[in-house]
Amino acid sequence: MKPSIRKGKGQDKMLWRLIWTLIKLALVLAVLGGVALTAYAYIGPMLFPADFEAPVQQVTKPVTLEVQE
């Protein structure tokens with residue numbers, strides 16, 4: 001005979017509490033990540049100017065225009 005495994009109400013509450021805790025943790029980490037990215041976007045150019053500079057180089061390319069008479 002197999003013993004029946006039953007979950008009590010206490011175990012269900014613990015499971016739901018664990019799930020909600022993990023969801024809250026994920027939300028908090030997502031918000032903190034967003035704040036960190038925003039801070040890096042605003043403060044980064046002051047701390048790491050070389051990372052935010054656009055590459056500067058002159059481009060010369062001939063263009064041929066066709067004119068109809």
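The structure we're discussing is the one just above.
Residues numbered from 1 in each chain as written. Predicted model: local features only at pLDDT ≥ 70, side-chain atom pairs only at ≥ 80, totals over all residues. Heavy atoms only, no water.

A.B. asks: Quick question: what am I supposed to make of the overall build of the protein here?
C.D. replies: Each helix and strand in the protein was counted, giving two helices and zero strands. Relative to its 69 residues, the protein shows a buried fraction of 1%. Carbon and sulfur atoms make up 66% of the accessible area of the protein, which amounts to about 7,600 Å² in all. (Helix = DSSP H or I, 4+ residues; strand = E, 2+ residues; numbered from the N terminus. Buried < 20%, exposed > 50% of the residue type's maximum accessible area, 1.4 Å probe, protein only. Areas by Shrake-Rupley, 256 points an atom, 1.4 Å probe, with all protein chains shown as cover.)

A.B. asks: Can you walk me through helix α1 (residues 9–47) in this structure?
C.D. replies: For an α-helix the count is 3.6 residues per turn, leaving residues at separations of three or four pointing the same way. Here α1 is 39 residues long and its end C-alpha atoms lie 54 Å apart, about the 57 Å a rise of 1.5 Å per residue gives. A41 marks where α1 bends most, by close to 40°; the proline P45 follows one to four residues later. (Expected span 1.5 Å × (residues − 1). Bend = angle between axes of the 7 residues up to and from the residue.)

A.B. asks: Looking at this structure, I do not really get the packing of aromatic side chains. What am I missing?
C.D. replies: Think of a pair of aromatic rings as described by two things: how far the centres are apart, and how the planes are tilted against each other in angle. Scanning the model with the defined rule gives two aromatic pairs in all. Ring geometry for Y40 against F48: centres 6.4 Å apart, planes inclined by 45°, an arrangement best described as tilted. Under the relative-accessibility criterion, Y40 is labelled partly exposed at 40%. Each ring, one from Y40 and one from F52, has its centre 5.3 Å from the other, and the planes form 50°; the classification is tilted. Of this pair, Y40 sits in helix α1 while F52 sits in helix α2 (residues 49–52); the two residues are 12 residues apart in sequence, bridging distant segments of the chain. Under the relative-accessibility criterion, F52 is labelled partly exposed at 37%. (Phe/Tyr/Trp six-rings, centres within 6.5 Å; stacked < 30°, edge-to-face > 60°.)

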